[in-house]
Number of protein chains: 2
Amino acid sequence: MNQTIEQLLGHYSVREFEDKPLSEEQIKLLVQSAQAASTSNFVQAYSIIGVSDKSIRAELSKIASNMGYVEKTGQFFVFVADLARNKRIAEAYKASADSLETTEKFLVSVIDAALAAQNMAVAAESMGLGICYIGGIRNDSKKVSDLLHIPDYAIPLFGLTVGYPLQNSAPKPRMPESLIYHENTYEAKDKELYYAYDDIIRDYYKERTGGVRVEAWTEQIAKGMSKPTRLDLKSFIENKHLGTK
Amino acid sequence: MNQTIEQLLGHYSVREFEDKPLSEEQIKLLVQSAQAASTSNFVQAYSIIGVSDKSIRAELSKIASNMGYVEKTGQFFVFVADLARNKRIAEAYKASADSLETTEKFLVSVIDAALAAQNMAVAAESMGLGICYIGGIRNDSKKVSDLLHIPDYAIPLFGLTVGYPLQNSAPKPRMPESLIYHENTYEAKDKELYYAYDDIIRDYYKERTGGVRVEAWTEQIAKGMSKPTRLDLKSFIENKHLGTK
């Protein structure tokens with residue numbers, strides 16, 4: 001196993017950081033690493049907004065259920081699925097932009113943004129920094145979009161907080177790879193979940209909470225599935241003119 | 001700059017591979033690396049289907065506009081946004097699964113799958129293998145889904161071909177990071193695109209095609225925006241009961 005894979009397998013999310021901004025040099029390297037990821041048809045359909053402004057961070061933190069590590073961190077990045085750039089280019093060429101509102105282009109922009117973000121996460125950890133994805137900004141996508149002046153044809157997807165870690169942890173055990181990985185055909189082979197894996201996760205939580213939380217993974221999933229959240233998202237995306245066709 | 005970042009910045013897509021399968025050990029490490037990526041609320045809402053069967057690969061290649069590197073490669077992976085597992089778990093608990101069809105959960109599954117894929121891509125390249133994402137399987141999502149027996153509440157997103165490269169290349173120049181990266185507020189600062197960056201890309205194509213292709217990046221984008229593609233995707237996803245709410 002090489003050093004890169006060792007790093008990937010050692011990943012854990014960090015939720016406490018030094019209150020020390022990243023340097024311009026670090027940010028540049030992180031953004032360049034993000035950009036080096038593959039992009040569908042070379043379309044580069046995303047933007048990254050770095051939020052250094054403390055008052056904006058405070059607003060974002062409030063939206064994300066008061067997560068301190070949105071405010072106190074090295075840099076807070078918001079990843080944006082961005083077809084607005086493409087729209088401006090089409091306009092400059094007086095070309096039609098009929099494909100802008102297709103579900104295909106929306107998916108492309110979401111996937112492009114996510115691939116870029118994961119490259120940034122890997123780069124950050126290779127620099128000794130810690131990271132945590134912040135899906136919580138989707139608690140109020142409209143407000144985040146307004147705060148950061150994100151135009152039509154673009155939406156904020158998630159945040160990524162990157163900073164000097166004040167926390168040591170260990171990877172959270174993923175489900176056995178035999179359950180994620182199928183050969184040639186999709187198989188609903190879940191039995192292992194309820195036996196081996198649920199036990200692992202029950203023990204994991206028990207150990208980390210001094211016995212307070214004893215929850216199996218499947219219990220956690222079943223609970224999550226019964227609670228619809230962020231029901232504004234569908235109309236928010238449509239109002240941004242994305243994925244309507 | 002450390003070795004990992006050097007690797008990320010050196011990425012290019014490979015489109016010609018040895019006809020030599022990856023070992024089980026390699027595939028296991030690739031899948032584990034994928035799994036180590038962050039996952040929203042620990043939901044792990046994706047599956048990976050490894051396609052070793054040559055006849056299925058031939059079908060997938062046909063769908064993806066006859067790309068030889070879908071067939072002749074080390075392993076062909078299909079990344080699946082997968083909420084079907086969650087549905088089965090909710091059923092086992094006799095819990096409601098009201099959130100399954102929300103746009104939020106659909107986005108989570110797409111982002112989870114993409115983060116995992118990018119980790120696999122990074123792991124593969126660290127092992128000296130080459131990769132290429134294959135969005136072309138979305139030319140006929142329904143057929144791919146049927147071929148691989150992907151159930152409702154799950155869709156194939158893209159392929160990732162991984163193998164022993166028969167090709168040396170160099171990174172394709174991304175747009176200047178000042179255009180992807182915004183500070184505190186989204187800014188439509190595109191002028192640089194039409195000057196510095198278009199020139200870079202024009203030269204890049206010219207050099208690689210012996211002068212045959214001379215296209216600016218913005219031209220390429222404008223053309224792409226005027227051609228709606230994969231218009232079946234919206235109803236395909238809805239028929240899978242994803243993102244309807």
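Residues numbered from 1 in each chain as written. Chains lettered and ligands numbered in written order. Predicted model: local features only at pLDDT ≥ 70, side-chain atom pairs only at ≥ 80, totals over all residues. Heavy atoms only, no water.

Per an unreviewed UniProt entry, chain A carries the name FMN reductase (NADPH) and comes from Listeria fleischmannii subsp. fleischmannii. Taken verbatim from the UniProt record of chain A, the Sequence similarities (unreviewed entry) comment is "Belongs to the flavin oxidoreductase frp family." (UniProt positions renumbered as here; feature names shortened; annotations may be inferred.)

S.K.: Give me the lowdown on the relation of the copies chain B and chain A, citing residues and values where you can.
M.R.: Once turned by 180 degrees and shifted 0.0 Å along the axis, chain B lies on chain A with an RMSD of 0.0 Å. The relationship between the two copies is best expressed as a two-fold rotation axis. Both copies present the same face, since 100% of the interface residues in chain B are matched by interface residues at the equivalent positions in chain A. (Least-squares fit on C-alpha atoms with pLDDT ≥ 70 in both. Contact = heavy atoms within 4.5 Å.)

S.K.: Tell me about the sheet that holds strand E1 (residues 46–51) of chain B, residues and numbers included.
M.R.: On the basis of which strands lie adjacent, the open sheet formed by five strands has the order E5(A)-E1(B)-E2(B)-E4(B)-E3(B) and mixed pairing. Of all strands in the sheet, those bounded by a partner on one side alone are strand E5 (181–183) of chain A together with strand E3 (130–134) of chain B. Neighbour-to-neighbour, the strand axes of the sheet open up by a mean angle of 25 degrees, direction not taken into account. Bridge analysis of E5 of chain A against E1 of chain B gives three bridges, and the strand direction is parallel. Residue pairing across strands places histidine 182 of chain A opposite isoleucine 49 of chain B, the latter belonging to E1 of chain B. Running at roughly 50 degrees to strand E2 (residues 75–82) of chain B, helix H5 (residues 84–92) of chain B makes contact with E1, E2 and strand E4 (154–163) of chain B of the sheet. The sheet strands contacting helix H6 (residues 103–126) of chain B are E1, E2, E3 and E4 of chain B, and the helix crosses E4 of chain B at an angle near 5 degrees. (Pairing = 2+ DSSP bridges. Helix = DSSP H or I, 4+ residues; strand = E, 2+ residues; numbered from the N terminus. Axes fitted to C-alpha atoms, helices over the stretch in contact; angles between N-to-C directions.)

S.K.: Tell me about empty space enclosed by the protein, and please be specific about residues and values.
M.R.: For the structure shown, the criterion picks out three cavities of 30 Å³ or more. Empty space within the largest cavity amounts to approximately 240 Å³. As for the largest cavity, its lining consists of 15 residues, of which Phe106, Lys234 and Gly243 of chain A together with Lys234 and Gly243 of chain B are closest to the centre. Listed by contribution, the elements that provide at least two residues to the lining of the largest cavity are helix H6 (103–126) and helix H11 (233–239) of chain A together with H6 and helix H11 (233–239) of chain B. Per-class residue counts for the lining of the largest cavity are seven nonpolar, four polar and four charged. (1 Å grid on protein atoms, 1.4 Å probe; cavity = no way out; pocket = protein on both sides within 12 Å on 5 of 7 lines; lining within 4 Å. Points joined across faces, edges and corners; volume = space filled by probe spheres on them. Nonpolar A, V, L, I, M, F, W, Y, C, P; charged D, E, K, R; others polar.)

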